[in-house]
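The lines below spell out each chain.
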Amino acid sequence: MKILVLGAGQLARMMALAGTPLNLQISAYDVNTDTVVDAISQQKVAHGLTAAIANADVITAEFEHIPLPILDQCQQSGKFLPGAAAIKAGGDRRIEKQLLDAANVQSAAYAIVNTETEFQQAIAELGLPLVFKSALAGYDGKGQWRLKTADQAAALWQDIADFLAADTKQAIVAEKFIPFQREVSLIGARDAKGNISVYPLTENHHVNGVLSTSVIAQASVELQLQAEQIFTKLANSLEYVGVLAIEFFDLKQQLLVNEIAPRVHNSGHWTQQGAEVCQFQLHLRAICGLPLGSTHEIRPTLMVNILGEDTVPTEVLAIAGLQLHWYGKTKRPGRKMGHINLSAANNTELKQQFNQLISLLSPTAFPQLDVMLKQL
Ligand code: ATP
Ligand code: MG
Ligand code: MG
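Everything quoted here is computed from the prediction, not taken from an experiment.

Peer 1: A description of the overall build of the chain should follow, citing residues and the corresponding values.
Peer 2: When helices and strands are tallied, the chain shows 12 helices and 18 strands. The C-alpha atoms of the chain give 21 Å as radius of gyration, which agrees with the globular expectation for 376 residues (21 Å, within 12%). Dimensions along the principal axes, computed over C-alpha positions, put the chain at roughly 55 × 50 × 40 Å. Within the chain, the proportion of its 376 residues that are buried is 53%. The contacts of the chain with a sequence gap of at least 6 include a subset with a gap of at least 24, amounting to 61%.

Below, the structure written as structure tokens:
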């Protein structure tokens, strides 16, 4: 089968690497340059979306910020999974909040802000502190503002007003600040028959708004079940086909949805060596109508993102249970350049091996890894 992925980044590349053993042919469409590239080598193979759609058996996406005409054209082909509605819900926080409300799934209280009056109303109704998020195009914590005290409101409104004036399509979603205990995510898949298979919850740590580390979470059966029930509600309400990721705030054993990602997710990279079927192949299986197989955890595993660096000491490869994944991208400050997966037979060994890894990595390039170490 031939699969066209909208987006030509590392997620398309890892899908191609995971789909190759099943003889799945993956090409990636770069929405910025209107070219089709080989998902692994990034070499250009063709030009233009119409021919790429005609040539594909299935179309999917590796990110949600895709121009609407492209989504609509893919939808019309009848080959697009999880489909335009799911991608739009992930790409516009207003639609996302409507989806959560309609599915009766709890998230942070919110208000949509387009004007100064709405800004003041949001403060009055929701109370402080607040998080303001751009409705469109936000990722890695970009396009967000925090308001802690009322005396900062006037200056913040100026910033937000400038932002809204620069792009008339934008809006702001104001959200109550959630004093969460930790952040977890659930990744899983739904197939066209409605079968659902999810991984264990993942605990995630961010540095400066960007995911730094993920580890299979220590979670009660009840918490896992709560997450699975939310996953089922959302996936069913979208008639979703493919891998879906849900980010949660864990508030004393009660989960609030932060956001959804209608695709494979950075917090699921550990599944490449910690689960029976990794998230990339799981997604391909779902969209190609193949059996989902098992999402069971094989062994304790964690992931460390490599941000803004194009080298790590080669000695890390001597650590048992460690695999290094580079994305072949050009170095830029803070850019997701690769990741490290680390597995062990049990948590004690994982902790020892993680300690060994931390001792080899520069603390400036890999800050706050000790925070995750303490969780193990
Ligand atoms: P991603 O790269 O995960 O797509 P994003 O830019 O879409 O990120 P969010 O996930 O919405 O942004 O927010 C980034 C981080 O900011 C969250 O992981 C969380 O740590 C914090 N955050 C977001 N919303 C809230 C909130 N309402 N209360 C407290 N913290 C929040
Ligand atoms: Mg996001
Ligand atoms: Mg997020």
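Next comes the rest of the account.
Peer 1: Can you explain the layout of surface pockets? Please cite residues and give values.
Peer 2: One water molecule sets the probe size; rolling that probe over the atoms shows where empty space is left. By volume, the second largest pocket is sized at about 330 Å³. As for the second largest pocket, its lining consists of 14 residues, of which Ile66, Pro67, Leu68, Gly91 and Leu136 are closest to the centre. It is helix α3 (residues 68-76) that provides the largest number of residues to the lining of the second largest pocket, a total of three residues. Of the residues contributing to the lining of the second largest pocket, the split by class is eight nonpolar, two polar and four charged.

Peer 1: How would you sum up the pairing of strand β8 (residues 144-147)? Please name residues and give values.
Peer 2: The alternating pattern of β8 places Trp145 and Leu147 on a buried face and Gln144 and Arg146 on a face that is not buried. Looking at chain direction, strand β7 (residues 130-134) and β8 are connected through four bridges and run antiparallel. Residue pairing for β8: Leu130 is matched across the bridge by Leu147.

Peer 1: Tell me about the coordination of the magnesium ion (ligand 3), and name the residues and values.
Peer 2: Around a metal, the ideal angle is 109.5 degrees if four donors adopt a tetrahedral arrangement and 90 or 180 degrees if six donors adopt an octahedral arrangement. Protein coordination at the magnesium ion (ligand 3): the donors are Glu247 (OE), Glu247 (OE) and Glu259 (OE), at 2.0 to 2.8 Å from the metal. Here the magnesium ion (ligand 2) and the magnesium ion (ligand 3) are spaced 3.9 Å from one another, each receiving a donor from Glu259. Within this pair, whereas Glu247 is found in strand β14 (residues 242-251), its partner Glu259 is found in strand β15 (residues 254-261), the two being separated by 12 residues in sequence.

Peer 1: Could you give me a rundown of the site of ligand 1, with the residues and numbers involved?
Peer 2: Surveying the vicinity of ligand 1 reveals 21 residues, the closest of which are Lys133, Asp140, Gly141, Glu175 and Glu183. Here an oxygen atom of ligand 1 sits 2.9 Å away from a polar atom, N or O, in the side chain of Asn258. Side-chain polar atom of Glu259 to an oxygen atom of ligand 1: 2.9 Å apart, as the coordinates give it. For ligand 1, whose accessible area on its own is 610 Å², the fraction buried by protein is 92%. Sorting the residues of the shell around ligand 1 by element identifies β7, β8, β9 (172-176), β14 and β15 as the ones contributing at least two each. Partitioned by chemical class, the residues of the shell around ligand 1 number six nonpolar, five polar and 10 charged.

Peer 1: Describe the nonpolar core, naming the residues involved and giving the relevant values.
Peer 2: Counting residues in hydrophobic clusters, the biggest one holds 37 residues, and the most contacted among them are Ile3, Ile26, Phe280, Leu282 and Leu284. Put simply, the parts of the chain that give this core at least two residues each are β1 (2-6), α1 (10-19), β2 (25-30), β10 (182-190), β13 (210-216), β14 and α10 (279-287). The residues contacting Ile26, other than those within four sequence positions of it, are Ile3, Val5, Ala12, Met15, Ala16, Ala39 and Leu284. Grouped together as the second largest cluster of nonpolar side chains are 25 residues, Leu100, Ile230, Leu244 and Ile246 included.

Peer 1: Could you give an account of the sheet that holds β9, with specific residues and numbers?
Peer 2: Taken in spatial order, the four strands make up an open sheet running β6-β9-β7-β8, and their pairing is antiparallel. The two strands at the open ends of the sheet, each matched to only one other strand, are β6 (110-113) and β8. The average angle at which neighbouring strand axes cross in this sheet is 20 degrees, direction not considered. Those strands touched by helix α6 (residues 116-126) are β6, β7, β8 and β9, and its axis lies near 170 degrees from that of β6. Of the strands in this sheet, β6, β7, β8 and β9 are in contact with helix α7 (residues 153-166), which crosses β8 at around 165 degrees.

Calculation rules
Residues numbered from 1 in each chain as written. Chains lettered and ligands numbered in written order. Predicted model: local features only at pLDDT ≥ 70, side-chain atom pairs only at ≥ 80, totals over all residues. Heavy atoms only, no water. Helix = DSSP H or I, 4+ residues; strand = E, 2+ residues; numbered from the N terminus. Rg over C-alpha atoms; globule rule 2.2 N^0.38 Å. Buried < 20%, exposed > 50% of the residue type's maximum accessible area, 1.4 Å probe, protein only. Contact = heavy atoms within 4.5 Å. 1 Å grid on protein atoms, 1.4 Å probe; cavity = no way out; pocket = protein on both sides within 12 Å on 5 of 7 lines; lining within 4 Å. Points joined across faces, edges and corners; volume = space filled by probe spheres on them. Nonpolar A, V, L, I, M, F, W, Y, C, P; charged D, E, K, R; others polar. Pairing = 2+ DSSP bridges. Donors = N, O, S within 2.8 Å, 3.2 Å for Na, K, Ca; no water. Near = heavy atom within 4 Å. Polar contact = N/O pair within 3.5 Å; in protein donor to acceptor, adjacent residues only side chain to side chain. Areas by Shrake-Rupley, 256 points an atom, 1.4 Å probe, with all protein chains shown as cover. Core = buried A, V, L, I, M, F, W, Y, C linked by side-chain atoms within 4.5 Å. Axes fitted to C-alpha atoms, helices over the stretch in contact; angles between N-to-C directions.

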